[in-house]
Amino acid sequence: MDLLLQLLQFLLRLAFGLALGMALVSPKQVTSGYFRNTLYVILGLSAFSTLICFTESLKLAAWLSGSVVVASYVGSVMWLYEQQRSGRIVLIVVAILALAAAWTATPEYLATPPSSPPPDETSISDVPVNHTNAFLRHADAPAGGAVLGFTMAAMLLGHWYLNSPTMQIAPLVRLLAWMAVALSIRAVISLVGLGLEWQRGLSFDGLQSAFLAIRWLSGLAAPLLLTWMAWRTLKIPNTQSATGILYVAVITTFTGELSAQLLSAQTLYPL
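Everything numeric here is computed off the predicted structure, so don't read it as measured data. (Residues numbered from 1 in each chain as written. Predicted model: local features only at pLDDT ≥ 70, side-chain atom pairs only at ≥ 80, totals over all residues. Heavy atoms only, no water.)

## Section: the overall build of the protein
Of the regular secondary structure elements, the protein holds 9 helices and 0 strands. For the protein, the succession of helices and strands along the chain, N to C, is α-α-α-α-α-α-α-α-α. By the compact-globule yardstick of 18 Å for 271 residues, the protein fits well, its C-alpha radius of gyration being 19 Å. Counting only C-alpha atoms, the protein reaches 60 × 40 × 25 Å along its principal axes. Across the 271 residues in the protein, those meeting the buried criterion constitute 52%. Counting contacts in the protein only where the partners sit at least 6 residues apart, residues at least 24 apart contribute 78% of the total. As displayed, the protein has an accessible area near 12,000 Å², and 69% of this comes from carbon and sulfur atoms. (Helix = DSSP H or I, 4+ residues; strand = E, 2+ residues; numbered from the N terminus. Rg over C-alpha atoms; globule rule 2.2 N^0.38 Å. Buried < 20%, exposed > 50% of the residue type's maximum accessible area, 1.4 Å probe, protein only. Contact = heavy atoms within 4.5 Å. Areas by Shrake-Rupley, 256 points an atom, 1.4 Å probe, with all protein chains shown as cover.)

And the structure:
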């Protein structure tokens, strides 16, 4: 999978996670401007994704990504007019469309293993695609997207407290809890994939080992620690400091997930 397709995966996963993260936030405790402005972010992500899809001649993914653009705009209008119930439904629709686009953007990547040879120097295309591989490959996108999106949604929500300082802290605390859940699930999927690769006898060279270390330290361990730090900071309470911590968490998750995508493009199982 080339770098442009990996960028496409990253954008669509982030759009999915952001929409789902917002859907988990109570509109009764958070002002509508947060939802509206974050939908503009998703609109930009999906618009860029649509351009990449057309460039790569991915017609179905382009239609799905384009639908995310339209749905994001419709959702932003609904939140502008305080249509909370309809707005949350649109958020769920946006998440579903973005995930579907991520799955269909690289159908050959989900359906068959990558082309790099396994340790025994036989072609990896000769290795049969089993149910474990198919499940992990399909679970990779929503799990990675949830990590990316929940973290960014929490950071943007923390920033929104600067605009609406009277909002309750409970929504941000709950979103931190969802971050911890997403990171835990992501760690399990990555650990299973890594274990299966080692079981196959795959060994990593120096560069791959460095990316693997970045993937685990920056993409999983650091965000979990930062989530705990932000949660402790909110007990003071200090939303501004917690938001600063979440800014760092966004950077670490971005780095970790991009490293995971680069590694997974060379392995049978996602890492």
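On we go from here.
## Looking at the nonpolar core
One recurring pattern in soluble globular proteins is that nonpolar side chains are buried together. Grouped together as the largest cluster of nonpolar side chains are 67 residues, with contacts concentrated most on L8, Y34, F35, I42, L157 and L246. For this core, the secondary-structure elements that each account for two or more residues are α1 (3-23), α2 (32-55), α3 (59-80), α4 (84-105), α6 (131-160), α7 (170-199), α8 (206-234) and α9 (239-264). Ranked by residues supplied to this core, first place goes to α1 with 12 residues. When sequence neighbours within four positions are dropped, the list of residues in contact with Y34 reads M22, V25, A153, L156, L157, W160 and L175. By size, the runner-up hydrophobic cluster in this structure holds 7 residues, among which are L136, A139, L196 and Y269. (Core = buried A, V, L, I, M, F, W, Y, C linked by side-chain atoms within 4.5 Å.)

## Side note on the packing of α3 against α4
The angle between the axes and the distance between the axes are what describe a pair of packed helices. Interaxial distance between α3 and α4 falls to 9 Å at its minimum, and their mutual angle equals 165°. Considering the angle they form, α3 stands roughly antiparallel to α4. Like other packed secondary-structure pairs, α3 and α4 cross with a definite hand, here left-handed. Here the contact of α3 with α4 is composed, by residue class, of 15 nonpolar, 8 polar and 1 charged. (Axes fitted to C-alpha atoms, helices over the stretch in contact; angles between N-to-C directions. Parallel < 35°, antiparallel > 145°, perpendicular 65-115°, else oblique. Left-handed = near helix turned anticlockwise from the far one by under 90°. Nonpolar A, V, L, I, M, F, W, Y, C, P; charged D, E, K, R; others polar.)

## So, the packing of aromatic side chains
Under the defined criterion, the tally for this structure stands at 3 aromatic pairs. Linked through ring pairs, Y34, F35 and W79 together constitute an aromatic cluster. (Phe/Tyr/Trp six-rings, centres within 6.5 Å; stacked < 30°, edge-to-face > 60°.)

## Side note on the packing of α1 against α6
Taken N-terminus to C-terminus, the directions of α1 and α6 make an angle of 60°; their axes are 6 Å apart at the nearest point. What the angle tells us is that α1 and α6 run oblique. In the crossing of α1 with α6, the sense of the turn from one axis to the other is right-handed. Here F10, R13, L14, F16, G17, L18, L20 and G21 of α1 come into contact with α6, specifically with D140, A141, P142, G145, A146, L148, G149, F150, M152, A153 and L156.

## Comments concerning the pattern of salt bridges
Evaluation of the coordinates by the stated rule reveals 5 salt bridges. Between E257 and R186 there is a salt bridge, with its nearest N and O atoms 2.8 Å apart. A residue pair is termed long-range when its members are at least 10 positions apart, and E257 in helix α9 and R186 in helix α7 qualify at 71 residues. Look at E257 and you get buried, because its relative accessible area is 1%. Beyond isolated ion pairs, a larger network of salt bridges with shared partners links R13, D140, R186, R215 and E257. (Salt bridge = Lys/Arg side-chain N within 4 Å of Asp/Glu carboxyl O.)

## Some thoughts on the environment of A23
Here A23 shows up in helix α1. Between the C-alpha atoms of A23 and S86, which are 63 residues apart in sequence, the distance is 11 Å. Once residues lying within four places of it in the same chain are set aside, the contact partners of A23 are R88, L91 and I92.

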